[in-house]
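# Overview (structure and organization)
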Amino acid sequence: MSEVAVNLREIRCRIESACARVGRSPGDVCLVAVSKTFGVDAVREAALAGQVAFGESRLQEAEPKITEAGPGLSWHFIGSIQRNKVRRILGCCRVLHSVDSLRLARHIATVAEELRVKPQVFLQVNLGEETSKGGFKAGEVSQALNEIVSLPTLEVLGLMTIPPVEEDEVASRGWFRQLRELRDDIVRTSGVKLPCLSMGMSGDFEVAVEEGATHVRVGSAIFGTRSYRVDGELG
Ligand SMILES: *Cc1c(COP(=O)(O)O)cnc(C)c1O
């Protein structure tokens, strides 16, 4: 068995245990294998081990990899989205985790209409209000959603966050809980459906699952340490 296959098996196991601890069903958690900086061979190894959902954060890198990997996989875009790349991103990814402004959401909706596609989107929330990260402030999400849910070419799945890096589990848990509570508040007050929460990475996906994550974005724990940084941000 390849190392990637072994890692995947262990991570699925840890997701199952986290689900069991809080009475959730493992089928409700989508493991997104973040293959950024790794080549198509790594993607193929993961696919052979049954992995279907993959995440990429840079279009230039993702496009050729997605073409080479071939059909049958589901690609998620998790990096910051430039307006001038939306058309190409929609050409290769069906789920966008990082919609970070109302203006961008409108633009994606317009391009999606032209391309006759209906992307699934998450609104990215910058809970820590870090200047290095994009996203809506927690207090802005509800109002933006009022308009975004009315855009017929977008399917809004829910909220996504990349919380500040924390030393301990208690602090990470606090951010994840905050995203879930924000979602619950919005659902209660506005009636929109927001079934999904994209949160948790290699270092903290179990805590995220315990707090309600439906999508965990796990890279290095599957593919190994990345040898270069992406976007000057997460790496
Ligand atoms: C790189 C990246 C991940 C995966 O990070 P790991 O720590 O390698 O699991 C998750 N989400 C986003 C947005 C990323 O850019």
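Above this text you will find the structure in question.
These figures come from a predicted structure and were not determined experimentally.

Rules used in this analysis
Residues numbered from 1 in each chain as written. Predicted model: local features only at pLDDT ≥ 70, side-chain atom pairs only at ≥ 80, totals over all residues. Heavy atoms only, no water. Axes fitted to C-alpha atoms, helices over the stretch in contact; angles between N-to-C directions. Helix = DSSP H or I, 4+ residues; strand = E, 2+ residues; numbered from the N terminus. Parallel < 35°, antiparallel > 145°, perpendicular 65-115°, else oblique. Left-handed = near helix turned anticlockwise from the far one by under 90°. Contact = heavy atoms within 4.5 Å. Nonpolar A, V, L, I, M, F, W, Y, C, P; charged D, E, K, R; others polar. Near = heavy atom within 4 Å. Polar contact = N/O pair within 3.5 Å; in protein donor to acceptor, adjacent residues only side chain to side chain. Areas by Shrake-Rupley, 256 points an atom, 1.4 Å probe, with all protein chains shown as cover. Salt bridge = Lys/Arg side-chain N within 4 Å of Asp/Glu carboxyl O. Buried < 20%, exposed > 50% of the residue type's maximum accessible area, 1.4 Å probe, protein only. Disulfide = S-S within 2.5 Å. Core = buried A, V, L, I, M, F, W, Y, C linked by side-chain atoms within 4.5 Å.

Attention now moves to the packing of helix H2 (residues 40-48) against helix H3 (residues 59-69). Here H2 crosses H3 at 45 degrees, and the two axes come no closer than 10 Å. Taken together, the axes of H2 and H3 lie oblique to each other. In the crossing of H2 with H3, the sense of the turn from one axis to the other is right-handed. For the pair H2 and H3, contact is made by Val 40, Val 43 and Arg 44 and by Lys 65, Glu 68 and Ala 69, respectively. Residue classes in the contact of H2 with H3 are distributed as three nonpolar, no polar and three charged.

What follows covers the site of the ligand. What surrounds the ligand is a group of 12 residues, the closest being Lys 36, Ser 202, Gly 219, Ser 220 and Arg 226. Taking Ser 202, its side chain carries an N or O atom lying 2.5 Å from an oxygen atom of the ligand. Here an oxygen atom of the ligand sits 2.8 Å away from a polar atom, N or O, in the main chain of Ser 220. Bound to the protein, the ligand loses 92% of the 390 Å² it would expose on its own. Here the residues of the shell around the ligand are counted per class, giving six nonpolar, three polar and three charged.

A few words now on the packing of helix H5 (residues 102-115) against helix H6 (residues 141-148). Put simply, H5 and H6 touch, their axes get as near as 10 Å, and they point 20 degrees apart. Judged on the interaxial angle alone, H6 and H5 are roughly parallel. For the pair H5 and H6, the crossing hand works out as right-handed. Contact with H5, carried on its side by Leu 102, Ala 105 and Arg 106, involves Ala 144, Glu 147 and Ile 148 of H6 and no other residues of that element. Split into classes, the residues belonging to the contact of H5 with H6 amount to four nonpolar, no polar and two charged.

With that settled, the discussion passes to the pattern of salt bridges. The final tally for this structure, using the stated rule, is 17 salt bridges. Notably, a salt bridge pairs Glu 56 with Lys 65, separated by 2.8 Å at the nearest N-O pair. For Lys 65, a relative accessible area of 5% gives the class buried. What you see here is one network of salt bridges that share partners, running through Arg 21, Glu 169, Arg 173, Arg 177, Arg 180, Glu 210 and Glu 211.

A few words on the state of the cysteines. The term disulfide refers to a covalent linkage connecting the sulfur atoms of a pair of cysteines. Here the structure, examined in full by the defined rule, presents zero disulfides. Unpaired in terms of disulfides, Cys 30 finds its nearest cysteine sulfur in Cys 196, a separation of 8.8 Å. According to the relative accessible area criterion, Cys 30 is partly exposed, its value standing at 24%.

Below, the discussion takes up the nonpolar core. The biggest cluster of nonpolar side chains holds 67 residues, and the ones touching the most others in it are Ile 15, Leu 96, Val 141, Ile 148, Val 216, Ile 222 and Phe 223. Dropping the residues within four chain positions of it, Val 216 is found in contact with Ile 15, Val 29, Cys 30, Leu 31, Val 32, Met 199, Gly 200, Phe 205 and Val 209. Core analysis: the next-biggest nonpolar cluster, separate from the first, contains six residues, Phe 122, Leu 157, Ile 162 and Cys 196 among them.

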